[in-house]
There are 2 protein chains.
Amino acid sequence: MSPRTPKPSDDAALEGGRRRATINDIARIAGVSKKTVSRVINRSPSLRPETREKIEAVIARYGYAPDPQARGLAFRRSFLIGLIYDNPNPQYVVNMQLGLLDGMRGSGFELVVHPCDRGSTTLVPDIRAFIERQKLFGVVLTPSVSEDEGVAAMLREVGCEYVRVASVAVDEAAHSIITQDRHGGLLAGRHLAELGHRRVGFISGPLTFRSSHERRGGFEDGLAEHGVTLSPEHVAEGAYTFESGLEGAAKLLAMPDRPTAIFAGNDEMAAGVLHAARKAGLSVPEDLSVIGFDDFQIASRVWPPLSTVRAPTREIGRLAAEKLIGQAGDDKRDPADRLPSLVARDSTAAPKP
Amino acid sequence: MSPRTPKPSDDAALEGGRRRATINDIARIAGVSKKTVSRVINRSPSLRPETREKIEAVIARYGYAPDPQARGLAFRRSFLIGLIYDNPNPQYVVNMQLGLLDGMRGSGFELVVHPCDRGSTTLVPDIRAFIERQKLFGVVLTPSVSEDEGVAAMLREVGCEYVRVASVAVDEAAHSIITQDRHGGLLAGRHLAELGHRRVGFISGPLTFRSSHERRGGFEDGLAEHGVTLSPEHVAEGAYTFESGLEGAAKLLAMPDRPTAIFAGNDEMAAGVLHAARKAGLSVPEDLSVIGFDDFQIASRVWPPLSTVRAPTREIGRLAAEKLIGQAGDDKRDPADRLPSLVARDSTAAPKP
DNA sequence: GCCTCGATTGACACCGGTGTCCGCCAGGGT
DNA sequence: ACCCTGGCGGACACCGGTGTCAATCGAGGC
């Protein structure tokens, strides 16, 4: 036994699968230099086909996979992608993660999660430290951090790839995935107007979220198609939380000319609206129609099952990952997949005459 | 301009913060060898205090942080921790992630997420490839993958640190975090029995989950304290899903001697029970008491707000991370934090006489 | 004052890849 | 036959850390 670690070419261990192959093993066995193996890995064009095939055969035989750490060290960049989010909704976060993983599958990248607090005074330096420490290849930002220009400026400065998921184009196309919240709002407005509602209410998300404005704007567009307008008194400012939905609805329902239908900016708030209606002695949908946004699990768990607008979060995540790692390529899927769609359940109906 | 990359000691860029300090910079500036700097980073005991202080001063001055990739390359191990899960509940996943991040904060580790499918025939090789590719420092497994002995055997074989979060001790203490589901079940049983219920039902999770058995066992214990027994006919096998809760409850409620209270193995199924009750024309809690398990958001969103057993998932995650990275140290917190606790809301009441 | 010994510290190789630059080679022009 | 050229492949340094082992140092023992 040598006092040092295994000998430079301990082929027995390699054959037995007890040791992972390195680029040196592959080079030695294929009878080429490690640089040439590196060329195969990196798809360098200047390689004779027979050389490439010979090396690929050895790689396949030993199940060789390059070490991301060593590669990253030489590249001065890791193969990690960060998900930076401050969205408090677990279902959103998980769906986004699943979508990102869909888009990254087989790419050799891994997903590192990094929740943050947009309100923190150290937001930018914190994220920056995270990126520089891990030399992240890129990051995906979701609302509302995705709407923060300070963060975006820092990302450009440190030269980190990034994609911002947002309601509207907040950056160049190469850095944006647009969630078309406005379209979703339109579907909600159209749905209520088509049912015959003329006096409707809206509970918005926090005004610091672009989606709040987009969903409202789209909602008004959808109503306008049928000549219905949203009265400013029938708008309550919420916070995308259950409690804020409850309070907002309590306020709207206490009005003498209370709305016959309420569009809540997300399902959580819509659940709050259902509770408020129950407390006010109103039954849904007979006395009040309610529609939410997101179509998360909660929408079908409450009573009555909630009509809502489905946001294709997972699909959005997939697109974001593909854009980030540059495989956006030929997208053959139906673009409609990326658009919100209406899910009519039992919480909406025509108003009582 | 040299054709090569920046000169070995471009101090101007360093001072200006345009270049991150490396161990070489610190060594040169402190007037020691890089190995000595390495000793400071790794808290080597054989270092004269004044040497250490001198180097620490330089490190602080330049905000130096060692490169995890380079360190990992030399250590043959990354500073990444994997979360391997197949739990479909988003809230569980997110809470677990948050807990893990709590426990990892400041440790220099990062969290990489890896959902998997326990039913897949390539489960073990897939996880193995993930670990070996990234040379993960360690992984945290949650139910139900945490209960898979094939996966555990592989982890021991590859020499990856791991912690299994499970209902019962499935491994040595060093590799286990026990969630005390039995205690949670006991609280549910005791609660219903104390309210006066004598004919109770239970909807279990999948029998492949240990938690299903533990929650049931504890439930029976709690009932037994008050002389109540759980009749086998009043047990339905569910799948921890809303639909399965709906179906299980429909079955139980159709019985001539239907139970006056139902304990559902988790909140999702409890939500299903509420729907089934409504369809059967029973009101909760007057005609039927319902209690769930988890205390996820959904519990307080449904109507009536659900009595349930709170599982301290985030806290469990923190403990798992601390155990994994060996900082379990002096745990001054109240151990009761790790125990499930009863949350009585409005879905349980005394049975009608 | 000289020697021994444990505590410190440093020189150098190495982890597993990539960038740079140079040499070799065959083929085409003259 | 000679030179030039471009394609191909290799030698070597380097990315930023750590392991090994030897050198150095100061103090205590004689």
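The shown structure was predicted, so the numbers you read here are calculated from the model rather than taken from an experiment. (Residues numbered from 1 in each chain as written. Chains lettered and ligands numbered in written order. Predicted model: local features only at pLDDT ≥ 70, side-chain atom pairs only at ≥ 80, totals over all residues. Heavy atoms only, no water.)

A.B. asks: Would you explain the protein's contact with DNA strand C in this entry?
C.D. replies: Lining the immediate surroundings of DNA strand C are 29 residues, of which Ile23 and Ser38 of chain A together with Thr36, Arg39 and Thr51 of chain B lie closest. Backbone atoms, meaning sugar plus phosphate, form 60% of the atoms of DNA strand C positioned within 4 Å of the protein. One nitrogen or oxygen atom from the main chain of Ile23 of chain A is found 2.6 Å from a phosphate oxygen belonging to DNA strand C. Arg48 of chain B places a polar side-chain atom, nitrogen or oxygen, 3.0 Å from a phosphate oxygen of DNA strand C. Looking at the surface near DNA strand C, the elements that each hand over two or more residues are α3 (34-41) and α5 (68-75) of chain A together with α3 (34-41) and α5 (68-75) of chain B. When residues of the surface near DNA strand C are assigned to their parent elements, the largest contribution, 5 residues, is made by α5 of chain A. (Near = heavy atom within 4 Å. Polar contact = N/O pair within 3.5 Å; in protein donor to acceptor, adjacent residues only side chain to side chain. Helix = DSSP H or I, 4+ residues; strand = E, 2+ residues; numbered from the N terminus.)

A.B. asks: Quick question: what am I supposed to make of the relation of the copies chain B and chain A here?
C.D. replies: Here the second copy of the chain follows from the first by a rotation about an axis and a shift along it. Mapping chain B onto chain A calls for a rotation angle of 180° and an axial translation of 0.1 Å; the resulting RMSD is 0.1 Å. What the superposition gives is, in effect, a two-fold axis relating one chain to the other. A symmetric contact is evident, with 100% of the interface residues of chain B recurring at the interface of chain A. (Least-squares fit on C-alpha atoms with pLDDT ≥ 70 in both. Contact = heavy atoms within 4.5 Å.)

A.B. asks: Explanation requested: the nonpolar core in the structure shown.
C.D. replies: The nonpolar side chains of soluble globular proteins are, as a tendency, buried together. Counting residues in hydrophobic clusters, the biggest one holds 106 residues, and the most contacted among them are Ile81 and Leu100 of chain A together with Ile81 and Leu100 of chain B. Of all hydrophobic cores here, the second largest spans 34 residues; its members include Val151 and Cys160 of chain A together with Leu80 and Ile131 of chain B. (Core = buried A, V, L, I, M, F, W, Y, C linked by side-chain atoms within 4.5 Å. Buried < 20%, exposed > 50% of the residue type's maximum accessible area, 1.4 Å probe, protein only.)

A.B. asks: For this particular structure, what's the right way to read the environment of Leu14 of chain A?
C.D. replies: All names here are of chain A. Relative to the helices and strands, Leu14 is located in helix α1 (residues 11-15). Since its relative accessible area comes to 6%, Leu14 is described here as buried. Sequence-wise, Leu14 and Tyr62 are 48 residues apart; in three dimensions their C-alpha atoms are separated by 8.1 Å. When neighbours within four sequence positions are excluded, Leu14 is seen to be in contact with Arg19, Arg20, Ala21, Asp25, Ile29 and Tyr62.

A.B. asks: Could you clarify how one ought to interpret the side chain of Thr308 of chain B in this entry?
C.D. replies: Residue and element names in this part refer to chain B. Note on placement: Thr308 falls in strand β10 (residues 308-310). Classification of Thr308 as buried rests on a relative accessible area of 0%. Side-chain polar atoms of Thr308 contact the side chain of Asp267, separated by 2.7 Å. At 2.9 Å, the side chain of Thr308 and the backbone nitrogen of Phe293 are in polar contact. If we ignore the near neighbours within four places in the chain, the residues touching Thr308 are Asp267, Ile291, Gly292, Phe293, Asp294, Asp295, Ala299, Ser341, Leu342, Val343 and Arg345.

A.B. asks: How do you make sense of empty space enclosed by the protein when you look at a structure like this?
C.D. replies: A probe matching the size of a water molecule, rolled over the atoms, marks out where space remains unfilled. Taken as a whole, this structure holds 2 cavities of 30 Å³ or more when the rule is applied. Space inside the largest cavity adds up to approximately 220 Å³. Lining the largest cavity are 16 residues, and of these Gln91 and Gln297 of chain A together with Gln91, Gln297 and Ile298 of chain B lie nearest its centre. Listing elements by their share of the lining of the largest cavity, those giving two or more residues are α6 (90-104) and α13 (297-301) of chain A together with α6 (90-104), α12 (267-279) and α13 (297-301) of chain B. (1 Å grid on protein atoms, 1.4 Å probe; cavity = no way out; pocket = protein on both sides within 12 Å on 5 of 7 lines; lining within 4 Å. Points joined across faces, edges and corners; volume = space filled by probe spheres on them.)

A.B. asks: I'm lost on the protein's contact with DNA strand D in this one. Help?
C.D. replies: Taken together, 29 residues lie near DNA strand D, and Thr36, Arg39 and Thr51 of chain A together with Ile23 and Ser38 of chain B sit nearest. Backbone atoms, meaning sugar and phosphate, form 62% of the atoms of DNA strand D found within 4 Å of the protein. At 2.5 Å from a phosphate oxygen of DNA strand D is found a side-chain nitrogen or oxygen belonging to Thr36 of chain A. Contacts to DNA strand D include Arg71 of chain B, whose side-chain N or O atom sits 3.0 Å from a phosphate oxygen. For the surface near DNA strand D, the leading source of residues is α5 of chain B, giving 5 residues.

A.B. asks: Got a minute to help me understand the interface of chain B and chain A in this structure?
C.D. replies: One frequent convention defines the size of an interface as the accessible area lost when the parts assemble. Residue-level contacts link 42 residues of chain B with 42 residues of chain A. Interface of chain B and chain A: buried area, both sides summed, is about 4000 Å²; carbon and sulfur atoms make up 57% of it. Considering only the side of chain B, the residues that lose the most area to chain A are Gln69, Arg301 and Trp303 of chain B, jointly responsible for 19% of the buried surface there. A salt bridge links Lys135 of chain B to Asp67 of chain A; the nearest nitrogen and oxygen atoms lie 2.2 Å apart. Taken together, the links from chain B to chain A amount to 17 residue pairs in polar contact (both at pLDDT 80 or more). Within the residue set of the side of chain B that touches chain A, elements represented by two or more residues are α5, β1 (80-85), α6, β2 (110-115), α7 (123-134), α11 (242-253), α12 and α13 of chain B. Top contributing element to the side of chain B that touches chain A by residue count: α6 of chain B, with 7 residues. Here the residues of the side of chain B that touches chain A sort into 21 nonpolar, 10 polar and 11 charged. (Buried area = accessible area lost by both parts, 1.4 Å probe. Salt bridge = Lys/Arg side-chain N within 4 Å of Asp/Glu carboxyl O. Nonpolar A, V, L, I, M, F, W, Y, C, P; charged D, E, K, R; others polar.)

A.B. asks: Mind showing me how you'd approach the domain arrangement of chain A here?
C.D. replies: Under the domain assignment used here, chain A contains domain 1 (12-66), domain 2 (74-179 + 316-332) and domain 3 (181-311). Here the C-alpha centre of domain 2 of chain A lies 33 Å away from the C-alpha centre of domain 1 of chain A. (Domains from an automatic or database assignment.)

A.B. asks: Would you take a moment to explain the pairing of strand β6 (residues 200-204) of chain A for this structure?
C.D. replies: A regular strand places its side chains on the two faces of the sheet in alternate fashion. All names here are of chain A. For β6, the tally of buried residues reaches 5 of 5 residues, placing the bulk of the element in the interior. Neither face of β6 is left uncovered, since the one carrying Val200, Phe202 and Ser204 and the one carrying Gly201 and Ile203 both have all their residues buried. Pairing of β6 with strand β8 (residues 261-264) involves 4 bridges; the strand directions are parallel. The residue of β8 that forms the bridge with Gly201 is Ile262. In the sheet, β6 pairs with strand β7 (residues 235-237) via 3 bridges, with the strands oriented parallel. Across the sheet, the residue bridging to Ile203 is Ala236, located in β7. Traced from β6 through helix α10 (residues 210-224) to β7, the parallel crossover comes out right-handed. (Pairing = 2+ DSSP bridges. Right-handed = clockwise from strand over helix to strand, strands pointing away.)

A.B. asks: Help me understand the packing of helix α9 (residues 181-195) of chain B against helix α10 (residues 210-224) of chain B in this model?
C.D. replies: In a pair of packed helices, the angle between the axes and the distance between the axes together describe the arrangement. Residue and element names in this part refer to chain B. Put simply, α9 and α10 touch, their axes get as near as 6 Å, and they point 40° apart. The orientation of α9 relative to α10 falls into the category oblique. Note on packing geometry: the crossing formed by α9 with α10 is right-handed. Residues Asp181, Arg182, Gly185, Leu186, Ala188, Gly189, Arg190, Leu192 and Ala193 of α9 form the contact with α10, whose participating residues are Ser211, Glu214, Arg215, Gly217, Gly218, Phe219, Asp221, Gly222 and Leu223. A per-class count over the contact of α9 with α10 returns 6 nonpolar, 6 polar and 6 charged. (Axes fitted to C-alpha atoms, helices over the stretch in contact; angles between N-to-C directions. Parallel < 35°, antiparallel > 145°, perpendicular 65-115°, else oblique. Left-handed = near helix turned anticlockwise from the far one by under 90°.)

A.B. asks: So what exactly am I meant to see when it comes to helix α4 (residues 49-62) of chain B here?
C.D. replies: Since the α-helix advances by 3.6 residues per turn, residues separated by three or four positions end up pointing in the same direction. All names here are of chain B. Across its 14 residues, α4 extends 20 Å between first and last C-alpha, which sits within 8% of the 20 Å expected from 1.5 Å per residue. Looking at α4, one finds that the buried residues are Thr51, Ile55, Val58, Ile59 and Tyr62. The arc that holds every buried residue of α4, seen down its axis, measures 100°, which confines them to one face. Among the exposed residues of α4, those pointing more than 90 degrees away from its buried face are Pro49, Glu53, Ala60 and Arg61. Elements in contact with the buried residues of α4: α1 (11-15), α2 (23-30) and α3. Among the residues trailing α4, Gly63 stands out with phi positive, at a value near 60°. (Expected span 1.5 Å × (residues − 1). Arc of directions from axis to C-beta.)

A.B. asks: Help me understand the sheet that holds strand β6 (residues 200-204) of chain B in this model?
C.D. replies: The strands making up a sheet associate through backbone hydrogen bonding, with each pair oriented either parallel or antiparallel. All names here are of chain B. Pairing within the open sheet is parallel, and its 4 strands lie in the order β7-β6-β8-β9. Edge strands, defined here as strands with exactly one partner in the open sheet, are β7 (235-237) and β9 (289-291). Neighbour-to-neighbour, the strand axes of this sheet turn through a mean angle of 15°, independent of strand direction. Strand direction decides the pairing type here: strand β8 (residues 261-264) and β9, joined by 3 bridges, are parallel. Its bridge partner lying in β9, Phe263 is registered against Ile291. Taken strand by strand, α11 contacts β6, β7 and β8, and its axis lies near 150° from that of β6.

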